[in-house]
Amino acid sequence: RFNSEWLGKLNFAELVKLTSKMTVARILEREDFSNRMAAHQPISLHELLYPLVQAYDSVCIEADIEMGGQDQTFNILAGRDLQEKEGMEAQVGMFMPLLVGLDGVKKMSKSLGNYVGVSEAPNSMYGKILSLSDGMMRDYFVLCTDVPIEEINGLLGQAETGEVNPKLVKSRLAREIITIYHGMPAADAAETEWNRIHSAGELPSDMPDVTIPADAVKNGNVWICKLLTVAGMAKSNGDARRLVEQGGVTVNGEKIDDPNAELPLEGLNDAVLRVGARRYVRLHLA
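These numbers come from a predicted model, not from an experiment.

What follows covers the overall build of the chain. Along its length, the chain carries 13 helices and ten strands. Against the compact-globule benchmark of 19 Å for 286 residues, the chain has a radius of gyration of 26 Å, which places it well outside the compact range. Taken over the C-alpha atoms alone, the chain extends approximately 75 × 50 × 35 Å along its principal axes. Burial statistics for the chain: of 286 residues in total, 35% are counted as buried. Taking the intrachain contacts of the chain between residues at least 6 apart in sequence as the baseline, contacts between residues at least 24 apart amount to 56%. Here the chain has roughly 16600 Å² of accessible surface; of this, 53% comes from carbon and sulfur atoms.

Locating glycine 69 in the fold gives a position in strand S1 (residues 65-69). When the C-alpha positions of glycine 69 and leucine 98 are compared, they lie 5.8 Å apart, and in sequence the two are 29 residues distant.

A few words now on the sheet that holds strand S4 (residues 217-218). Sheet strands associate in pairs through backbone hydrogen bonding, adopting either a parallel or an antiparallel arrangement. Ordered in space as S4-S5-S8, the three strands form an open sheet in which the pairing is antiparallel. Of all strands in the sheet, those with a lone pairing partner are S4 and strand S8 (262-264), marking the two edges. Alignment of strand S5 (residues 221-223) against S8, held across three bridges, turns out to be antiparallel. The partner of valine 222 across the bridge, within S8, is leucine 263.

Right, let's talk about the packing of aromatic side chains for a bit. Scanning the entire structure with this criterion turns up one aromatic pair. Their ring planes at 50° and their centres at 6.0 Å tell us that tyrosine 126 and tryptophan 194 sit as a pair that is tilted. Of this pair, tyrosine 126 sits in helix H7 (residues 122-130) while tryptophan 194 sits in helix H11 (residues 184-198), and the two are 68 residues apart along the sequence. Accessibility assignment for this pair places tyrosine 126 and tryptophan 194 in one class, buried. In this structure, arginine 30 packs its charged tip against the face of phenylalanine 33, placed 4.2 Å from the ring centre. The positively charged end of lysine 128 is found above the aromatic ring belonging to tyrosine 115, 4.4 Å away from the centroid.

Right, let's talk about the layout of surface pockets for a bit. Of the pockets and cavities examined, the largest pocket occupies roughly 1000 Å³. For the largest pocket, the lining is made up of 35 residues, of which Ser124, Lys128, Val275, Arg278 and Arg279 are closest to its centre. Taken together, the elements giving at least two residues each to the lining of the largest pocket come down to H7, H11, helix H13 (237-245) and strand S10 (279-285). Top contributing element to the lining of the largest pocket by residue count: H11, with five residues. Its boundaries defined by the atoms lining it, the second largest pocket holds a volume of some 230 Å³.

Once that is clear, we can look at the sheet that holds strand S3 (residues 209-212). Taken together, five strands build an open sheet; the order of strands is S3-S10-S9-S6-S7 and the sheet is mixed. Every interior strand has two partners, whereas the edge strands, S3 and strand S7 (254-255), have only one. Note that strand S6 (residues 249-251) and strand S9 (residues 272-275) share three bridges and pair antiparallel. From the neighbouring strand, threonine 250 faces S9, where its bridge partner is arginine 274.

Before going further, it helps to spend a moment on the pattern of salt bridges. Evaluation of the coordinates by the stated rule reveals 15 salt bridges. Among the ionic pairs, aspartate 81 bridges to arginine 26, the shortest N-O distance being 2.8 Å. One end of the pair, aspartate 81, is in helix H6 (residues 73-85); the other, arginine 26, is in helix H3 (residues 24-27), and 55 residues separate them in sequence. Classification of arginine 26 by relative accessible area gives partly exposed; the value is 21%. For the salt bridge of glutamate 47 with arginine 36, the shortest nitrogen-to-oxygen distance reads 2.9 Å. Within this pair, whereas glutamate 47 is found in helix H5 (residues 45-60), its partner arginine 36 is found in helix H4 (residues 31-38), the two being separated by eleven residues in sequence. Judged by its relative accessible area of 22%, glutamate 47 is partly exposed. The buried category is assigned to arginine 36, whose relative accessible area is 19%. Linked through salt bridges whose partners overlap, the residues forming this network are Arg26, Glu29 and Asp81.

Taking 1.5 Å per residue as the helical rise, H5 with its 16 residues ought to reach 22 Å, and the 23 Å between its terminal C-alpha atoms agrees with that figure. Maximal helix bending in H5 amounts to about 25°, located at proline 51. Among the residues of H5, Pro51, Leu52, Gln54, Ala55, Tyr56, Asp57, Ser58 and Val59 are the ones counted as buried. Those residues of H5 hidden inside the fold are in contact with helix H1 (4-7), helix H2 (12-19), H3, H4, S1 and H6.

Cut-offs applied
Residues numbered from 1 in each chain as written. Predicted model: local features only at pLDDT ≥ 70, side-chain atom pairs only at ≥ 80, totals over all residues. Heavy atoms only, no water. Helix = DSSP H or I, 4+ residues; strand = E, 2+ residues; numbered from the N terminus. Rg over C-alpha atoms; globule rule 2.2 N^0.38 Å. Buried < 20%, exposed > 50% of the residue type's maximum accessible area, 1.4 Å probe, protein only. Contact = heavy atoms within 4.5 Å. Areas by Shrake-Rupley, 256 points an atom, 1.4 Å probe, with all protein chains shown as cover. Pairing = 2+ DSSP bridges. Phe/Tyr/Trp six-rings, centres within 6.5 Å; stacked < 30°, edge-to-face > 60°. Lys NZ or Arg CZ within 6 Å of the ring centre and 35° of its normal. 1 Å grid on protein atoms, 1.4 Å probe; cavity = no way out; pocket = protein on both sides within 12 Å on 5 of 7 lines; lining within 4 Å. Points joined across faces, edges and corners; volume = space filled by probe spheres on them. Salt bridge = Lys/Arg side-chain N within 4 Å of Asp/Glu carboxyl O. Expected span 1.5 Å × (residues − 1). Bend = angle between axes of the 7 residues up to and from the residue.

Any functional reading would require information that these geometric values do not contain.
Below you can see the structure in the form of structure tokens.
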């Protein structure tokens, strides 16, 4: 159901009538609103209407249960209040823990770039999951796998005491998650590929090929930031500069630490451009 089905039919008088069902004081109980008020930060009127409109969704579809992340607590409870005011039985609210993203700070979000996509290639998923901090493993085991809690406790306990290397536990976590979305053979292959690259020092077997366009070449050289952007490894020259300055860029294993570096074109044919621990491309001349 799309809520335009009922919201699109509301005229202004009906909207005003709906707003009478909820007080400003009730809206300002929401933690982020109250925090912003205390900090004298602006709150737009449409933001205040959002919880009311979401609550109206529950009325219109006669929801018995509304399920959401813990950050949706206020909105879901608002749905219960509005249903009762409309003479309906209040919905049951079910609240789920939020999965923190790869940065270990904010909830996982594609817009924040701290995510593991369920449709991502197994090799990419494996590398991302291995980048998690040890302290994040419990939440990922509990929220993202079917491993029994007793076994999770045992694995993490062994990692904490040093009986088992935490990296091995993290590898198990990665395999469990990949198996759910891609199957066990894909999980095993991703682990083998990771070990081949990072333990044996070999190159990935599935590197994308990138052709350096002629307009990226000036006086027989290619600016490293331009190279990163045309290879799709940086969104902009500014982003490319940050990657170089952070020390995560190499060409054929040689670290590039000067964002103004000009690389001779003849040395780039069939060269391997690497950013961070997981991103590789093979370069070719146009």
